[in-house]
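# Summary of structural features
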Amino acid sequence: MQKSLETGAQLSKEDLIKLSDEAKNNATPSTFKIIWKEFKADKMALFSLIFLVAFIVFVIVGSMFINVSQMMQTNIMNYFAKPFTSNFLLGADAGGRPILEQLIVGSRNSILIALGLTVISSAFGICYGLISGYFGRVTDLSMQRVYDFMMIIPSFMIIIEIVNIIPNYNAITLTLLLSLFYWMGTQRLIRSQVLAESQKDYVSASKTSGSSNLKIIFKQIMPNISSLIIVDTTISFAENIGVETGLSYLGFGLPVGTPSLGTLIANANDADNITIYWWTWLPATIEIILLCLAISYIGAALRRATNSTQRRSTD
Amino acid sequence: MKNKELLKVNNLRVHYPVRGGFWNRIVDNVKAVDGVSITIHQGDTYGLIGESGSGKSTTGKAIVGLEDATKGNIYYQGMDITKKSTRRKLKYNREVQMIFQDPQLSLNPEKRIADIIAEPLRNFEKLSKEEEKIRVIQLLDIVGLGPEALYKYPHQFSGGQRQRIGVARAVATHPKLIVADEPVSALDLSVQAQVLNFMKKIQEKFNISYLFISHDLGVVRHMCNHIAIMNRGRLVEVGTKDDIYNHPMHIYTKRLLAAIPETNVNQRKAHHENRLAVEKMYQDHKSEYYDEKGEALPLQKISETHFAAIPKSRVNLLKSGSGEVSD
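Thresholds, definitions, all that
Residues numbered from 1 in each chain as written. Chains lettered and ligands numbered in written order. Predicted model: local features only at pLDDT ≥ 70, side-chain atom pairs only at ≥ 80, totals over all residues. Heavy atoms only, no water. Helix = DSSP H or I, 4+ residues; strand = E, 2+ residues; numbered from the N terminus. Rg over C-alpha atoms; globule rule 2.2 N^0.38 Å. Buried < 20%, exposed > 50% of the residue type's maximum accessible area, 1.4 Å probe, protein only. Contact = heavy atoms within 4.5 Å. Areas by Shrake-Rupley, 256 points an atom, 1.4 Å probe, with all protein chains shown as cover. Lys, Arg positive; Asp, Glu negative; His and termini not counted. Charge placed at Lys NZ, Arg CZ, Asp CG, Glu CD. Core = buried A, V, L, I, M, F, W, Y, C linked by side-chain atoms within 4.5 Å. Domains from an automatic or database assignment. Salt bridge = Lys/Arg side-chain N within 4 Å of Asp/Glu carboxyl O. Axes fitted to C-alpha atoms, helices over the stretch in contact; angles between N-to-C directions. Parallel < 35°, antiparallel > 145°, perpendicular 65-115°, else oblique. Nonpolar A, V, L, I, M, F, W, Y, C, P; charged D, E, K, R; others polar. Buried area = accessible area lost by both parts, 1.4 Å probe. Polar contact = N/O pair within 3.5 Å; in protein donor to acceptor, adjacent residues only side chain to side chain. pLDDT = per-residue confidence, 0-100. Phe/Tyr/Trp six-rings, centres within 6.5 Å; stacked < 30°, edge-to-face > 60°. Lys NZ or Arg CZ within 6 Å of the ring centre and 35° of its normal. 1 Å grid on protein atoms, 1.4 Å probe; cavity = no way out; pocket = protein on both sides within 12 Å on 5 of 7 lines; lining within 4 Å. Points joined across faces, edges and corners; volume = space filled by probe spheres on them.

### Thoughts on the overall build of chain A
Within chain A, the secondary structure is distributed over 16 helices and 0 strands. For chain A, the C-alpha radius of gyration of 25 Å lies well beyond 20 Å, the compact-globule estimate for 315 residues. Taken along its principal axes, the extent of the C-alpha atoms in chain A is 90 × 45 × 35 Å. Expressed as a percentage of its 315 residues, the buried residues of chain A come to 46%. Contacts spanning at least 24 positions in sequence make up 70% of the contacts within chain A whose residues lie at least 6 apart. Of the roughly 16400 Å² of accessible surface on chain A, 65% is carried by carbon and sulfur atoms. If you average the places of the 23 positive and of the 21 negative side-chain charges in chain A, the two averages end up 8 Å apart.

### Let's talk about the overall build of chain B
Along its length, chain B carries 13 helices and 12 strands. For chain B, buried positions account for 52% of its 327 residues. Pairs at least 24 apart in sequence give 65% of the contacts found in chain B among residues at least 6 apart. Treating the 48 positive side-chain charges of chain B as one cloud and the 38 negative ones as another, the clouds have centres 4 Å apart.

### Thoughts on the nonpolar core
Among the nonpolar cores identified, the biggest contains 67 residues, and B:Met199, B:Ile202 and B:Phe212 are the most heavily contacted of them. Formed jointly, this core draws a minimum of three residues from each of two domains, domain 1 (5–246) and domain 2 (247–327) of chain B. Residues within four places of B:Met199 in sequence aside, it is in contact with B:Ile99, B:Val167, B:Ala180, B:Pro183, B:Tyr210, B:Phe212 and B:Met223. A:Ala205, B:Val33, B:Ile63 and B:Tyr92 belong to the second largest nonpolar core, which has 31 residues in total.

### Considering the pattern of salt bridges
Tallied over the full model, the rule gives 16 salt bridges over all chains. Across the pair B:Glu95 and B:Lys176 runs a salt bridge whose closest N-O atoms are separated by 3.3 Å. Here the residue B:Glu95 occupies a position in helix H3 (residues 92–95), and B:Lys176 occupies one in the loop between helix H7 (159–171) and strand E7 (177–181), the gap between them amounting to 81 residues. For B:Lys176, a relative accessible area of 26% puts it in the partly exposed group. The shortest N-O distance in the salt bridge between B:Asp115 and B:Arg122 comes to 3.1 Å. Residues joined by salt bridges that share partners form a network here, namely A:Glu38, A:Asp42 and A:Arg304.

### Some remarks on the packing of helix H5 (residues 113–124) of chain B against H7(B)
Helix-helix packing is characterised by the crossing angle of the two axes and by the distance between the axes. Residues and elements named next belong to chain B. Where H5 meets H7, the axes come as close as 7 Å, and the angle between the chain directions of the two elements is 30 degrees. The angle between H5 and H7 places the two elements in the roughly parallel class. In this structure, H5 uses Ile113, Ile116, Ile117 and Pro120 to contact H7, whose residues at the interface are Ile165, Ala168 and Arg169. For the contact of H5 with H7, the per-class residue count stands at 6 nonpolar, no polar and 1 charged.

### Concerning the domain arrangement of chain B
All names here are of chain B. Examined at the domain level, chain B breaks down into domain 1 (5–246) and domain 2 (247–327). Distance between the C-alpha centres of domain 1 and domain 2: 29 Å. Taken together, the 22 residues of domain 1 in the interface contact 21 residues of domain 2. The largest contributions to the domain 1 side of the interface with domain 2 come from Arg232, Val236 and Glu237, which together make up 29% of the buried area. In this structure, the connection of domain 1 to domain 2 is made through 0 salt bridges. Our count for the domain 1 to domain 2 interface comes out at 9 residue pairs in polar contact (both at pLDDT 80 or more). A total of 7 residues in the side of domain 1 that touches domain 2 trace back to one element, the largest contributor, which is strand E10 (residues 234–240).

### So, the confidence of the model for chain A
Mean pLDDT over chain A works out to 82, with 90% of the residues at or above the 70 mark. Within the model, the stretch residues 1–8 of chain A combines pLDDT values under 50 with 12 contacts to residues more than four positions away or in other chains.

### Thoughts on the packing of aromatic side chains
One pass over the structure, following the stated rule, counts 8 aromatic pairs over all chains. Here the aromatic rings of A:Phe124 and A:Tyr128 are separated by 5.7 Å at their centres, their planes lie at 45 degrees, and the arrangement is tilted. One end of the pair, A:Phe124, and the other, A:Tyr128, are both in helix H6 (residues 99–135), 4 residues apart, so they sit about a helical turn from each other. Accessibility expressed as a relative area gives 42% for A:Phe124, which makes it partly exposed. Relative accessible area serves as the criterion here: at 10%, A:Tyr128 is assigned to the buried category. Aromatic pair A:Tyr277 and A:Trp279: ring centres 5.7 Å apart, planes at 75 degrees, arrangement edge-to-face. Here A:Tyr277 matches A:Trp279 in class, with each residue buried. Of the aromatic side chains, those joined through ring pairs into one cluster are A:Phe124, A:Tyr128 and A:Trp183. Above the ring of B:Tyr282, the side-chain terminus of B:Arg255 is found at 3.9 Å from the ring centroid.

### As for the layout of surface pockets
For the largest pocket, the calculated volume is near 1600 Å³. Lining the largest pocket we find 42 residues, and of these A:Lys207, B:Gly65, B:Leu66, B:Asp68 and B:Lys84 sit closest to its centre. Elements that contribute at least two residues to the lining of the largest pocket include exactly H6, helix H7 (137–152) and helix H11 (201–208) of chain A together with strand E1 (5–20), helix H1 (56–64), helix H2 (84–90) and H3 of chain B. A per-class count over the lining of the largest pocket returns 14 nonpolar, 16 polar and 12 charged.

Structure (structure tokens):
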């Protein structure tokens with residue numbers, strides 16, 4: 001049996017390399033190439049991507065040159081300093097603190113928390129959904145009851161309560177705390193897709209090929225829902241910027257003295273600030289709008305790239 | 001039998017519970033497979049035939065281990081492999097593989113052909129990257145595909161090519177038995193022959209046994225030596241190709257045989273009349289061949305190789321009289 005197979009097609013090492021190269025030239029473009037093509041075809045998405053990446057790099061690098069504790073000191077002489085002056089490009093707030101620097105450091109804080117939150121909650125939600133949907137039966141039943149329980153909890157109230165109870169916390173603990181409550185949407189989406197995928201024959205074929213359940217889940221099923229994962233993660237990133245910002249706006253986010261987009265927007269709580277000292281809150285608001293717009297453009301391009309019927313690029 | 005017995009299915013039952021009522025209790029069972037016994041010999045092609053919903057696919061899935069048996073046993077080379085743990089211990093799926101019905105669904109659309117065919121190899125055999133690649137190229141060669149297929153995705157192939165890739169994956173670990181679950185019913189006629197011939201070629205080369213599940217009697221005649229007819233979860237007739245095609249006993253078998261399309265246009269009228277006659281006979285004698293629950297009767301021995309689920313009175317009639325009973 002073995003013998004007949006070997007005489008069937010005897011290959012030398014050189015042949016193998018040659019054939020492999022040949023096959024590689026015939027290979028289909030990888031997912032990343034397709035995504036890149038789609039971005040090139042959609043100028044708005046490409047611009048959004050460049051803007052987003054450049055902005056994130058700028059605020060991270062820029063905040064390295066800013067001494068936060070010095071910046072956050074109250075200086076009564078600069079009380080509501082006007083914008084577009086040499087020292088205060090975007091003016092100052094009621095404490096004489098420069099808005100531009102606050103904006104840079106605050107953006108870094110908000111974006112990094114949103115990124116961390118997205119990575120942790122999406123990773124957990126994806127794993128949860130994959131396992132729940134794949135195994136089904138009792139596993140699914142019990143996991144979904146846990147999900148139901150998490151859904152009926154008023155998460156925002158609980159987060160505010162916990163923030164009040166914990167004596168001292170920082171950006172990392174806040175991220176972990178938020179991640180506890182923001183994985184449910186992802187898991188529901190992933191689970192519904194996995195329920196459909198796991199009934200397909202290729203899963204049965206993998207089972208008869210001797211693959212373990214974990215291998216099937218992460219190597220067979222996950223690539224098939226990758227488009228869903230990419231799109232959902234992008235959109236939840238935009239959402240998560242809002243989570244931290246909203247919390248800080250209410251005053252329960254990052255500890256006092258740490259700037260964030262939310263604390264800047266909170267300046268708009270004052271009627272005087274809204275009408276006269278517009279520079280205290282307007283830049284942060286515009287920034288959030290721009291960020292969320294850019295992310296949604298990127299998300300739309302990614303969604304099209306992963307669905308061959310909607311692609312704008314031509315190959 | 002001159003060949004060794006490879007697989008023996010003994011009184012296999014696969015029931016699905018139907019839950020209902022206030023406490024979600026089991027109120028009934030769907031008897032997908034209800035007491036099926038078959039024996040497959042080495043190098044043989046065993047045809048399992050029935051209409052859709054007759055439980056033939058479930059039987060096949062239970063044999064490869066995709067469905068759990070509710071009752072009954074499956075013996076592979078004398079060992080009971082009904083339990084999952086024994087199957088894993090024996091590396092059972094290295095020896096028993098499956099070809100699926102729809103190649104569109106059975107090949108992972110996100111995987112390259114090289115990965116798809118190498119999957120069983122990676123799980124059951126420890127090969128180096130290079131050995132693995134050589135093996136995959138050889139397997140592609142066996143099913144008539146070139147090495148340029150290696151890095152392509154399944155959607156870039158035609159239906160027939162895809163099914164051949166499925167065949168290549170099934171034979172990758174040199175199995176002794178392949179369960180082919182309607183391997184050609186999703187393909188058009190010209191491609192059907194192509195895939196079937198590859199399957200036959202591979203059988204001769206590696207001495208593989210097939211359990212060939214199909215509803216297409218023409219294809220089964222081309223492929224199989226032994227045939228079992230299934231209806232409503234039970235076997236209604238078992239025999240050699242000659243027994244089934246030339247001496248059908250059960251009315252269901254006769255009905256199935258009458259449904260084979262004929263290409264001879266000149267005798268169209270005769271065929272049509274024959275079909276009407278068979279159908280009339282089926283309607284008239286239905287109550288004799290099925291019990292009050294609509295289930296098939298137990299199998300009766302007719303000859304050494306031939307068994308049919310016919311009423312006892314008819315068997316006696318057969319033994320006393322000579323030859324076939326006319327209806």
